[in-house]
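# Commentary on secondary and tertiary structure
The residues making up each chain are set out below.
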Amino acid sequence: MRRLLALGCALLSLSAHASDLVKDVRARLVDAPLVRGRFEQKKTVTGFKKPLVSKGDFLLARDQGVLWNTRTPFASTLTLTRKSLSAEQGQGGAAYHLDSTKEPALAAVNELLFALLAGDVTTLQKRFKVEGALVGPAGWRLELTPTDAGLARVFKHIQLEGDGYVRQVRMEETRGDVSVILFDQLTRTPPPDATETERLGK
């Protein structure tokens, strides 16, 4: 991480004011209604030496939702739509479903997760102070500091890095835990299959 930041600073070609930054980052992001890819998430928990590592794949359908499929170390699925959040531990394992009409805070959480994965800077500005810079000819880096009191109780800072896509999300929690999610093998095809469409329709 330090290396990347150091490299980013070295390649920094332009420091932008907040309003210009939002416009410039949006211009660099691919306007893709669908993104697929793989992820690796490392969570460092205070008091533990080794980070918790999970890997899997995901589908972000901008107008429908997010499918987050963890493959290792344990299989689980998470389905996030504008209306609900569903999770299941393995095939036939423990499962739960939350409806945003019954859980008002869920809609805000879903909006935040959508915005983080999609690099939706305009939406993120509603709940964070947004700072950052363009990096090189195609990259960008954002530093988000919560302005929302509820988020400020959970997160100290969130960092996003990317180019045409979001490539890394780093979340530093107030209790000291740190999660880093790396994305790769990003593509805009194929469209959702029948199973994925069913999950997104719930």
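As the structure is a computational prediction, the values presented were derived from the model and not from experiment. Along each chain, residues carry numbers from 1 onward, in the same order as the chain's sequence is written. Selection of residues for local features in this predicted model requires a pLDDT of at least 70, selection of side-chain atom pairs for listing and counting requires 80 or more, and totals for whole chains, interfaces and linings are taken over all residues. Where side-chain values are given, they derive from all heavy atoms of the structure, hydrogens and water being excluded.

### Regarding the layout of surface pockets
Cavities and pockets were defined on a 1 Å grid built from protein atoms only: a cavity is a group of points that admits a 1.4 Å probe but offers it no way out, a pocket is an open group of points flanked by protein on both sides within 12 Å along at least five of seven lines, and a lining residue is one with an atom within 4 Å of any such point. Grid points are joined across faces, edges and corners, and a volume is the space filled by probe spheres set on the points. When its volume is computed, the largest pocket comes out at roughly 1200 Å³. Helix and strand definitions here come from DSSP, where helices need a minimum of 4 consecutive H or I residues and strands a minimum of 2 consecutive E residues; each element is numbered from the N-terminal end. Examining the composition of the lining of the largest pocket, we find that 8 residues originate from one element, helix 3 (residues 104-118), more than from any other. Looking at the lining of the largest pocket residue by residue, the class counts come to 28 nonpolar, 8 polar and 5 charged. Roughly 560 Å³ of volume is contained in the second largest pocket. Every residue lining the second largest pocket is counted, 27 residues in all, and those nearest its centre are Val30, Arg62, Ala118, Gly119 and Asp120. Within the residue set of the lining of the second largest pocket, elements represented by two or more residues are strand 2 (34-44), strand 3 (52-61), helix 3, helix 4 (121-124) and strand 12 (178-187). In the scheme used here, Gly and all other residues not listed as nonpolar or charged are polar, with Ala, Val, Leu, Ile, Met, Phe, Trp, Tyr, Cys and Pro taken as nonpolar and Asp, Glu, Lys and Arg as charged.

### What about the confidence of the model for the protein?
pLDDT: the predictor's confidence for each residue, scored from 0 to 100. Per-residue confidence for the protein gives a mean pLDDT of 86, with 90% of residues at or over 70. Confidence drops under a pLDDT of 50 for residues 1-16, and excluding neighbours within four residues, the segment shows 21 contacts in the predicted structure. The contact rule is simple, with two residues in contact once any of their heavy atoms fall within 4.5 Å.

### Observations concerning the side chain of Asp57
Along the polypeptide, Asp57 turns up in strand 3. Partly exposed residues are those whose accessible area sits between 20% and 50% of the maximum for their type, while under 20% is buried and over 50% is exposed, using a 1.4 Å probe and protein chains only. For Asp57, a relative accessible area of 17% gives the class buried. Here a polar contact is taken to be a pair of N or O atoms separated by no more than 3.5 Å, where protein atoms must pair a possible hydrogen donor with a possible acceptor and residues adjacent in sequence count only if both atoms sit in side chains. Polar contacts involving the side chain of Asp57 include one to the side chain of Arg71, which spans 2.7 Å. Not counting residues up to four positions away in its chain, the partners in contact with Asp57 are Gly37, Arg38, Phe39, Leu67, Trp68, Asn69 and Arg71.

### Points about the environment of Leu182
Take Leu182: it is sitting in strand 12. Each C-alpha atom, one on Leu182 and one on Glu161, is 9.6 Å from the other, the two residues being 21 residues apart in sequence. With residues near it in sequence (within four places) discarded, Leu182 still touches Arg38, Phe39, Glu40, Arg167 and Gln168.

### Points about unusual backbone geometry
Cis geometry marks the peptide bond from Thr72 to Pro73, where omega comes out at 5°. Note that Pro73 resides in the loop between strand 4 (65-72) and strand 5 (76-81). The peptide bond linking Thr189 to Pro190 adopts the cis configuration, its omega dihedral lying at -5°.

### What to know about the pattern of salt bridges
By convention in these notes, a salt bridge is any Lys or Arg side-chain nitrogen within 4 Å of a carboxyl oxygen on Asp or Glu. Inspection of the entire model under this criterion finds 16 salt bridges. Residue Arg71 is joined to Asp57 by a salt bridge in which the shortest nitrogen-to-oxygen separation is 2.7 Å. Placement of Arg71 in strand 4 and of Asp57 in strand 3 is noted, with a sequence separation of 14 residues between them. A single salt-bridge network, built from bridges that share partners, covers Lys43, Glu173, Arg175 and Asp177.

### With respect to the pairing of strand 11 (residues 166-173)
Here 7 bridges tie strand 10 (residues 155-162) to strand 11, and the two strands are oriented antiparallel to one another. Looking at strand 11, one finds that Leu160 is bridged to Val169. Strand pairing is assigned whenever DSSP detects at least two bridges linking the two strands. Counting the residues in the hairpin turn of strand 10 and strand 11 gives 3 residues. The turn joining strand 11 and strand 12, which pair antiparallel and follow one another in sequence, is formed by 4 residues; a positive phi near 105° is taken by Gly176.

### Things to note about the packing of aromatic side chains
In summary, the pairing rule links any two rings of Phe, Tyr or Trp, Trp by its six-membered ring, whose centres are within 6.5 Å, and it sorts them by plane angle into stacked for under 30 degrees, edge-to-face for over 60 and tilted for everything else. Scanning the model with the defined rule gives 4 aromatic pairs in all. A ring pair is formed by Phe58 and Trp68, whose centres lie 5.9 Å apart and whose planes are at 35°; its orientation type is tilted. Pair noted here: Phe58 is in strand 3 and Trp68 is in strand 4, with a separation of 10 residues, a long-range link. The buried category is assigned to Phe58, whose relative accessible area is 7%. Residue Trp68 is classed as buried on the basis of its relative accessible area of 12%. Ring centres of Trp68 and Phe183 lie 6.2 Å apart, and the angle between their planes is 80°; on these two criteria the pair is classed as edge-to-face. With a gap of 115 residues between them, Trp68 in strand 4 and Phe183 in strand 12 connect regions that are remote in the sequence.

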